[in-house]
Each structure stands twice: as structure tokens, then as C-alpha cells.
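Residues per chain are reported as follows:
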Amino acid sequence: MPVRNRLAELQPEIAAWRRDIHENPELMYDLPRTSALVAEKLRDFGCDEVVEGIGRSGVVGVIRGRSDGQGRAIGLRADMDALPILEATGLPYASKTPGRMHACGHDGHTAMLLGAARYLAETRNFEGRAVVIFQPAEEGGAGGLAMCEDGVMERFGIAEVYGLHNMPGIPVGTFAIRPGPIMAATDEFDITVTGRGGHAAKPHDCIDSTLAASHIVVALQSIAARNADPLKQIVVSVCSFRTDSEAYNVIPQTVRLKGTVRTLEEGMRDLGEARVLAVAEATAAAYGATAELCYRRGYPVTANAPDQTDFAAAMAEKVSGRIDRATAPLMGGEDFSYMLLERPGAYIFLGNGDTASVHHPAYDFDDAAIPFGASWFVELVESRLAAG
């Protein structure tokens, strides 16, 4: 079955919702306008229940089918928050708030799920309940975890949960998915290297924290090269290097490093944490300095359940006929992972065409993708909760 005709007809209206959200980006949990807009539209569509404030600023809508369907319910999730990026698209609907931008396409995700909700509320060609979940704070705030901790799965009786993300570089209308890990765990670390500061002309009287920290940066790359199984993925990146002096003639007392570790399984995650500590401490000691590590585990691995992956792929095949069922995993993170720890489900990518990458100031969601994503959400409900 191709894209639903009704959703193709609604595409201009859904795109207008998307552009309105794009013009008015909000960050993290602070989503008063976006959450209110979503809740208002769900009520206008005739959803049977609309609940606000789940996970602080999340919104959930419940659409009942033609019968109770023995209490079956399927969850569909979209994220609503933007990024602290200065937009550089020059579009007529560009962000009105300097320094905030929908640079990851969450405006498109929200609009597509709203379109699906409208369709499902109009047709109700299923048995059971469709639960549409609009989540805050995907961009580093763990809004998915906050909604789970507020009991979103239990409260609405969700048995399975599905999510979607646009993907630049994949043609519009093409889907991509894989069973098992599809996105990485995202951990962060801070390393404070302490030596003995002094005059740059007298290094023999100092313990050079800059030298020690520089060698730590290099040595950390040995984790992927020499500690990890070559067939398993791990990324260790140092992304910030700051000394406590900016003078040309001072050897600083301390250097602070910040970075991230990305892995696709718990064993590698444990290895990464242990080796970052060991490498930092031992390398600093070799230069007479000390290293103190603060390591924080972030989003878990986003892992698709096998059966739900097959189902999600089959629905994508119905919608467009174009599906990559063995796409490579990404080392980016996604807090839909918390929902997949609570319930079986799957996360799929939808092509955004030849556009700038997500998190880039020139990125824009391609509105041509809207009927495909909205139709996929509808197919999930009408096939999994098929009316007898």
C-alpha cells in the first residue's frame, strides 16, 4: 500500500504546522508554546484523552479504535525540542529566536505524528488504542527517561513502542532500519590533570600538566586501537582541552579535558570506562602529574527488538517499497533507548534527501518526507491493531 491519499492531501497543512514550530524553537524541557500547540491540535482532532505534563513537559494523546481490542495499545513517539544553534538557512520560516534552531528535524517528527494522529482520529480503523507520545528534551536532557519515570508505559497500557528519525543522505521516501543496536550509548568524561605550574623558561622546576594532558589525549586512542575487539565498535573522542592559564610564558597548574565515549554494547561500555580511567591515571603518572576522572553514563544503546524490527520494516515496505533492512548502526545517541528498555519496539530512519547534516546551521527538514512518515505511523497502528 502506498502513502495514504488523505495524508498526501494533508501534506501542505502538516508542513505549515512544521514550519510554525520551526519558526518558534524551544529547548530541552522549556517547551510551553510547542507543548500547548500539540495538546491543542490533539484536542481539535478529537483524541479521546490528552494529557500534558508527563516527563515535565511531554504530551500524550490517546485515540480509541472501533472496539477495545482486548486492551491492546501501541505507542508512537516524536521528539519536540530544538538545539542551541544559530540558524543559517535564510528561509522565510527560519527561527525567530537567535541561537535556537530546529537543526535535527524534531519539528518534522512532531508534525508527522500530529498528521498521523489526525488521520487515526478521523478513521479509527483499528481495535484497541493508539497512544501518541510527544517527548521533550531529547537533545541531552533525557526526556524519554523522564516520561518513563512518570509511568507513561504503564499508565497508558502500551505494549510496543515505535519511533522515527529523519536522515540526510538517504533519499526521501526511503526507510532504513536494523535489528539490535542501531544507535550508540553516549557517555561523557571530564579529566583534570594536575601538575606543578611555573615559569615556561624553567620547565625543570615544574611538572608540565600540558605535556601530560597532551599525551593522555593521544594515549586514549589506544583504547579503540589496542583494547577493543576489532569487530566491535567504540569511539573515544576528546573534544575540549583547557588550561588554567592563557599566558605565553606560564606552565599551567591544571588542564581540563572533556570528551565522549560511544559504544554499541554493555561490555564495550564497561571496557571504555575502565580504560579511560587507567590510561589517564597511568599516563599522567608517567610525567609526574595526577589525573582525576569524572565519568558519566548517558543515554543507553538504542536496541531494536527483532520481531518489532521486522514489523516496522514491513510497514515501511508497504508505504514506499524502499527499505534498507541492514543499515549500519550510528554512533550518535538517542534517548528513545529508554523507552525501548521499557517495552519492545523499533526505531527507524526516514530519508531527508540531499540536505545538510543534522545539527548543522544550514539543515532543514524536507517537507516532502511528511506523507511517508505519517503513513508509516498509521500503518503500524492499523496493521498491529487490525480491525476484525
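See the structure printed just above.
Notes on the structure follow.

Cut-off values and rules
- Residues numbered from 1 in each chain as written.
- Predicted model: local features only at pLDDT ≥ 70, side-chain atom pairs only at ≥ 80, totals over all residues.
- Heavy atoms only, no water.
- Buried < 20%, exposed > 50% of the residue type's maximum accessible area, 1.4 Å probe, protein only.
- Helix = DSSP H or I, 4+ residues; strand = E, 2+ residues; numbered from the N terminus.
- Pairing = 2+ DSSP bridges.
- Salt bridge = Lys/Arg side-chain N within 4 Å of Asp/Glu carboxyl O.

1. Details of the pairing of strand 12 (residues 254-263)
Then, in step 1: Of all 10 residues in strand 12, 7 are buried; the element is thus mostly enclosed.
Then, in step 2: Strand direction decides the pairing type here: strand 8 (residues 185-194) and strand 12, joined by 10 bridges, are antiparallel. Its bridge partner being in strand 12, Glu188 is matched across the sheet by Thr260.
Then, in step 3: Where strand 10 (residues 234-243) and strand 12 come together, 9 bridges link them in antiparallel fashion. Paired with Phe241 across the strands is Leu257, a residue of strand 12.

2. Notes on unusual backbone geometry
Then, in step 1: Even without glycine at this site, Ala137 takes up a positive phi of about 55°.
Then, in step 2: Relative to the elements of secondary structure, Ala137 occurs in the loop between strand 4 (129-135) and helix 4 (143-149).
Then, in step 3: According to the relative accessible area criterion, Ala137 is buried, its value standing at 0%.
Then, in step 4: Its identity as a non-glycine residue notwithstanding, Ala142 has a phi of 55°, on the positive side.

3. Quick look at the pattern of salt bridges
Pairing of side chains with opposite charge becomes possible as their charged atoms draw close.
Then, in step 1: One pass over the structure, following the stated rule, counts 28 salt bridges.
Then, in step 2: When the shortest N-O distance is used, the salt bridge between Arg4 and Glu379 registers 2.9 Å. Taken as a pair, Arg4 in the segment before helix 1 (5-23) and Glu379 in helix 11 (residues 370-384) lie far apart in primary sequence, 375 residues in all. For the pair Arg4 and Glu379, a shared accessibility class is recorded, and that class is buried.
Then, in step 3: Taking the shortest distance from any N to any O, the salt bridge between Asp205 and Lys202 comes out at 3.4 Å.
Then, in step 4: Under the relative-accessibility criterion, Lys202 is labelled partly exposed at 42%.
Then, in step 5: Counted as one network, the salt bridges with shared partners bring together Asp187, Glu266, Arg269, Asp270, Glu273 and Arg297.

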